[in-house]
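# Results of the structural survey
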Amino acid sequence: MDKKFKEFKTRIDRKINVMEAKISYMHDGLKGLHEALGDFKEEFDLFIDFASDNYSDHEKRIKALEKKIS
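For the structure given in this document, a descriptive report is provided here. The structure presented is a predicted model; accordingly, all values stated were derived computationally and were not measured. (Residues numbered from 1 in each chain as written. Predicted model: local features only at pLDDT ≥ 70, side-chain atom pairs only at ≥ 80, totals over all residues. Heavy atoms only, no water.)

## Observations concerning the overall build of the chain
Where we set the bar: Every helix listed is a DSSP run of H or I at least four residues long, and every strand listed is a run of E at least two residues long, numbered separately from the N terminus. Taken over C-alpha atoms, the radius of gyration is set against a globule rule of 2.2 Å times the number of residues to the power 0.38. Exposure classes here rest on a 1.4 Å probe applied to the protein chains alone. A residue is buried below 20% of its type maximum, exposed above 50%, and partly exposed in between. Here the Shrake-Rupley method, with its probe set to 1.4 Å, supplies the accessible areas, and only the displayed protein chains count as covering residues. His is not counted here, nor are the chain ends, while Lys and Arg score as positive and Asp and Glu score as negative. Just so you know, the charge point we use is NZ for Lys, CZ for Arg, CG for Asp and CD for Glu.
On a plain count of helices and strands, the chain comes out with 1 helix and 0 strands. Here the C-alpha atoms of the chain give a radius of gyration of 30 Å, more than 25% beyond the 11 Å that 2.2 N^0.38 yields for 70 residues. The C-alpha extent of the chain, read off along each of the three principal axes, is 100 × 20 × 5 Å. Per-residue burial over the chain gives 0% buried out of 70 residues. Summed over all atoms, the accessible surface of the chain reaches about 7000 Å², with 64% contributed by carbon and sulfur. Both charge centroids of the chain, one from 15 positive and one from 15 negative side chains, sit 9 Å from each other.

Okay, here's the thing in structure tokens:
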């Protein structure tokens, strides 16, 4: 009985080690993804600011043209 128990314990311990390694790998991957999303957000925010400034200028030009036509 003792031998069988040790066999089970050994197999279970191996499986636990594999799961711990995969959890650690997943944690590192999620941390990298979080950082990448943060970098993307910063770039996208800059783009949105740029686009909104240009859109505003475009709106002003359209309104000026509409006034000239009217």
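## Some thoughts on the packing of aromatic side chains
To be explicit about the condition: We call Phe, Tyr and Trp rings a pair once their centres come within 6.5 Å, taking the six-membered ring for Trp, and we label the pair stacked below 30 degrees between planes, edge-to-face above 60, and tilted otherwise.
All chains considered together, the criterion is met by 2 aromatic pairs. Geometrically, the ring pair formed by phenylalanine 40 and phenylalanine 44 is stacked, given 5.7 Å between the ring centres and 20° between the ring planes. Remark: phenylalanine 44 and phenylalanine 40 occur in helix α1 (residues 2–69); sequence separation between them is 4 residues, near one turn of the helix. The exposure class of phenylalanine 44 is partly exposed, given its relative accessible area of 40%. A centroid spacing of 6.0 Å and a plane angle of 45° characterise the contact between phenylalanine 44 and phenylalanine 47, whose relative ring orientation is tilted. Of the two residues, phenylalanine 44 and phenylalanine 47 are both situated in helix α1; the distance of 3 residues between them amounts to about one turn of the helix.

## Things to note about the pattern of salt bridges
Basically, it comes down to this: Salt bridges are identified by distance alone: a Lys or Arg side-chain nitrogen within 4 Å of an Asp or Glu carboxyl oxygen.
For the coordinates displayed, the defined rule picks out 3 salt bridges. Between lysine 4 and glutamate 7 there is a salt bridge whose closest N-O contact spans 4.0 Å. Separated by 3 residues within a single helix, lysine 4 and glutamate 7 lie in helix α1, roughly one turn from each other. Judged by relative accessible area, lysine 4 falls into the partly exposed class, the value being 44%. On the basis of relative accessibility, which here comes to 32%, the residue glutamate 7 falls in the partly exposed class. Among the ionic pairs, lysine 9 bridges to aspartate 13, the shortest N-O distance being 2.9 Å. Of the two residues, lysine 9 and aspartate 13 are both situated in helix α1; the distance of 4 residues between them amounts to about one turn of the helix.

## A few points about a nonpolar patch on the surface
Our working definition: For patch building, the residue pool is restricted to those with more than 30% relative accessible area and no salt bridge; the joining distance is 9 Å between like charges and 5 Å between nonpolar side chains (Val, Leu, Ile, Met, Phe, Trp, Tyr).
Together, Phe8, Ile12, Ile16, Met19 and Ile23 make up a nonpolar patch on the protein surface, roughly 480 Å² of accessible area in all. Structurally, the position occupied by isoleucine 16 is in helix α1. Here isoleucine 16 falls in the partly exposed class, since its relative accessible area comes to 35%.

Keep in mind these numbers describe shape, not what the thing actually does.
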